[in-house]
Amino acid sequence: MLAVDRRKNDFLYQQVIDLIRMEIDSGALRPGDRLPSLRRLAKNLDVSIPTVKQAYEELERQGHVESRPQSGFYVLARIRNALVRPPARASSEPVEVSCRNLVEQVYDGIHQPGVVPLGIANPSMARPAAKALHRTMKRVMARAEQRSVGYAPVAGEPGLQRQLAFRYLDLGGAVRPQEVVVTNGCQEALALALNAVARRGDVVAVESPTYSGTLELIESLGMLALEIETCPTEGLCLDALEHALGQQSIRACVFSSSLNNPLGSATDDDHRQRLVELLESYRVPLIEDDVYGDLRFDGRRGKPAQFFSRRGLVLTAGSFSKTVAPGYRIGWLLPGRFTDQVLKLKRALSYSSGLLQQLTLAEFMGSGEYDRHLRQLRPVLKLNCERMAALVAEHFPANTRISQPAGGSVLWLEMTSNFDSAAYFQRALDAGISVAPGAIFSPGNRYRHFVRLSFGHPWGDRLAQAVRTLGELAST
Ligand SMILES: Cc1ncc(COP(=O)(O)O)c(C=O)c1O
């Protein structure tokens, strides 16, 4: 017989949560079961309806139940799926990259009207900052008047360079504003960096799995990619990298320094320091893609790899795309000792980046709104992650393995070895849902049986229903 104890110090809603959890843990309530209606449980426990409602909503936030419109609250499966496995040690050879066609289809799919875009990693959309940014932009336009429609300097608007330099100062590194080059998103920062350190035909080491945009860049520059195993929890495998450095003539590395996309694995300062020491002992430049640095769920923000560099061989790329506004196309590069080459290239390729967006973001950072926004965004992403993982556990085949991201906005799912994610991508798109097929995250086609799903969206029934549909499609 369920009952609350009014003599206890715990809030009543917390006691209701504990009672429901006990019922779930004991198996009395099973996945798919409907919780008692608010009215019925309130009457049975002699508590108010708002108390039960608060408890149910908290249980939903914790990923134990989900609400279905006009129907009630239902028990979700516990996250019982095994973790995605560390990659098998493969003896890699550098390969030409040819992922463009599939990547093109994925991006076409994302932008089709009406499609649920689970194929794009767009964390900022989980809690859009549009209103605050528009307010800031209005202020900036009023103040800057004609200047706001002019060209920005090649290296960037000094106010934004300063704000970015301050931020690095907070992280414990001395970066001067003139050492920051503002770019058109992180993608241009990576392109400038790669152009500055390597040539056509050179071998570039990448994580395995790695972000498809890095592979497209390597493909478009006629370079070769060498995959380095990356662990789903601990990040790039340094032993595998050391082995590869001994075997191959690697011209440069492009690694995500903080959070890997698609794995969501995070590394700590110690790992980054050992990485930089290893690479600089071989005189190999590191391009660190730090685009997810501010989006660890726990808010911990390690030092960029560049801070451990003694030879100036680390180039750090970042962006506002994942945190606030992908459409502004504002990123940056700290080019280390390659600043001159990078500035020449930037001038030749795009001259400079949008001034109004730079002024707006500088003000957004300077006023403290950027940090406030991040503090609100991270818990939303974490909650979305838990909700999506719970739905995957409930609706995907039982042997689906799942990543446990430390931040960012994507889940990486490992299906059975005969699963064809390219065909699945097409079937999902036919059902109005875009997913990212695993094949685009490896030049050697190692992840054909993986799928990446994005939880960087405002949570809602449409999203939850899309995950259920994907589960059904994966089961047939
Ligand atoms: C790991 C990684 N690096 C870089 C980018 C590109 O960022 P931006 O939109 O700022 O060009 C992305 C975008 O998906 C990404 O996931």
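Every residue gets a number counted from 1 within its own chain, in the order that chain's sequence is written. The predicted origin of the model limits local features to residues at a pLDDT of at least 70 and limits the giving and counting of side-chain atom pairs to 80 or more, whereas totals for whole chains, interfaces and linings rest on all residues. Values shown for side chains rest on all heavy atoms present in the structure; no hydrogens or waters enter the calculation.

**What about the overall build of the protein chain?**
Note the following rule: For helices the rule is a DSSP run of H or I covering at least 4 residues; for strands it is a run of E covering at least 2, with both sets numbered from the N terminus onward. Burial status follows relative accessibility: with a 1.4 Å probe on protein chains alone, a residue under 20% of its type maximum counts as buried, one over 50% as exposed, and anything between as partly exposed. Throughout, a contact is declared for two residues whenever any of their heavy atoms are within 4.5 Å. Where accessible areas are quoted, they stem from the Shrake-Rupley method and a 1.4 Å probe; at the residue level, only the protein chains shown are allowed to cover. All tallies of charge rest on Lys and Arg as positive and Asp and Glu as negative; His and the ends of each chain are not included. To locate a charge, the coordinates of NZ of Lys, CZ of Arg, CG of Asp or CD of Glu are taken.
The number of helices and strands found in the protein chain is 15 helices and 17 strands. Projected onto its principal axes, the C-alpha coordinates of the protein chain cover approximately 75 × 55 × 45 Å. Buried positions account for 57% of the 476 residues belonging to the protein chain. Considering only residue pairs separated by 6 or more positions, the protein chain has 76% of its internal contacts joining residues 24 or more positions apart. Accessible surface computed for the protein chain: about 20900 Å², of which carbon and sulfur atoms make up 49%. The distance from the centre of the 57 positive side-chain charges to the centre of the 50 negative ones in the protein chain is 4 Å.

**Topic: the site of the ligand**
Applied cut-off: Distances are taken per atom, and a residue is near a molecule or strand as soon as one of its heavy atoms is within 4 Å of it. Under this definition, polar contacts are N or O atom pairs within 3.5 Å; protein pairs additionally need one hydrogen-donor-capable and one acceptor-capable atom, and for neighbouring residues in sequence, both atoms have to be side-chain atoms. For each structure, a 1 Å grid was placed over the protein atoms alone; sets of points admitting a 1.4 Å probe that cannot get out are labelled cavities, open sets with protein on both sides within 12 Å along at least five of seven lines are labelled pockets, and lining residues have an atom within 4 Å of a point. Whether a molecule sits in a cavity or pocket is decided by its atoms, more than half of which must lie within 2 Å of the grid points. Think of it as three bins: nonpolar holds Ala, Val, Leu, Ile, Met, Phe, Trp, Tyr, Cys and Pro, charged holds Asp, Glu, Lys and Arg, and polar takes everything else, Gly as well.
Neighbouring the ligand are the residues Gly 185, Cys 186, Gln 187, Tyr 211, Asn 261, Asp 289, Val 291, Tyr 292, Ser 319, Ser 321, Lys 322 and Arg 329. Within the side chain of Asp 289, a nitrogen or oxygen atom sits 2.5 Å from a nitrogen atom of the ligand. At a separation of 2.6 Å, an oxygen atom of the ligand approaches a polar side-chain atom of Ser 321. In the complex, 92% of the free accessible area of the ligand, which totals 400 Å², lies under the protein chains. Taken atom by atom, the bulk of the ligand overlaps the largest pocket. Broken down by element, the shell around the ligand gets its largest block of residues, three residues, from helix H7 (residues 185–197). Class assignment for the residues of the shell around the ligand results in four nonpolar, five polar and three charged.

**Things to note about the pattern of salt bridges**
To keep things clear, this is the line we draw: Throughout this description, the term salt bridge denotes a Lys or Arg side-chain nitrogen within 4 Å of a carboxyl oxygen of Asp or Glu.
Within the structure shown, the criterion is met by 21 salt bridges. Here Lys 346 and Glu 188 are joined by a salt bridge, their closest N and O atoms 2.8 Å apart. With Lys 346 in helix H11 (residues 339–350) and Glu 188 in helix H7, this residue pair connects regions lying 158 residues apart in the sequence. With its nearest N and O atoms 3.7 Å apart, the salt bridge here joins Arg 251 to Asp 202. Of the two residues, Arg 251 is situated in strand S9 (residues 250–256) and Asp 202 in the loop between H7 and strand S6 (203–208); the sequence distance between them amounts to 49 residues. By relative accessible area, which is 41% here, Arg 251 ends up partly exposed. The exposure class assigned to Asp 202 is buried, which follows from its relative accessible area of 13%. Each of Arg 167, Asp 290, Asp 294, Arg 301 and Asp 371 takes part in one network of salt bridges that share partners.

**Some thoughts on the packing of helix H6 (residues 158–170) against helix H12 (residues 355–366)**
Rule in force here: Between N-to-C directions, angles cover 0 to 180 degrees, with each direction set by a line fitted to C-alpha atoms, over the stretch in contact for helices. Left-handed describes a crossing whose near helix is turned anticlockwise from the far helix through less than a right angle; right-handed describes the clockwise counterpart.
Relative orientation of the contacting elements H6 and H12 amounts to 35 degrees, with a least axis distance of 8 Å. Considering only the axes of H6 and H12, their crossing is left-handed. Residue-level contacts link Gly 159, Leu 160, Gln 163, Leu 164 and Arg 167 of H6 to Gln 358, Leu 361, Ala 362, Met 365 and Gly 366 of H12. Partitioning the contact of H6 with H12 into residue classes produces five nonpolar, four polar and one charged.

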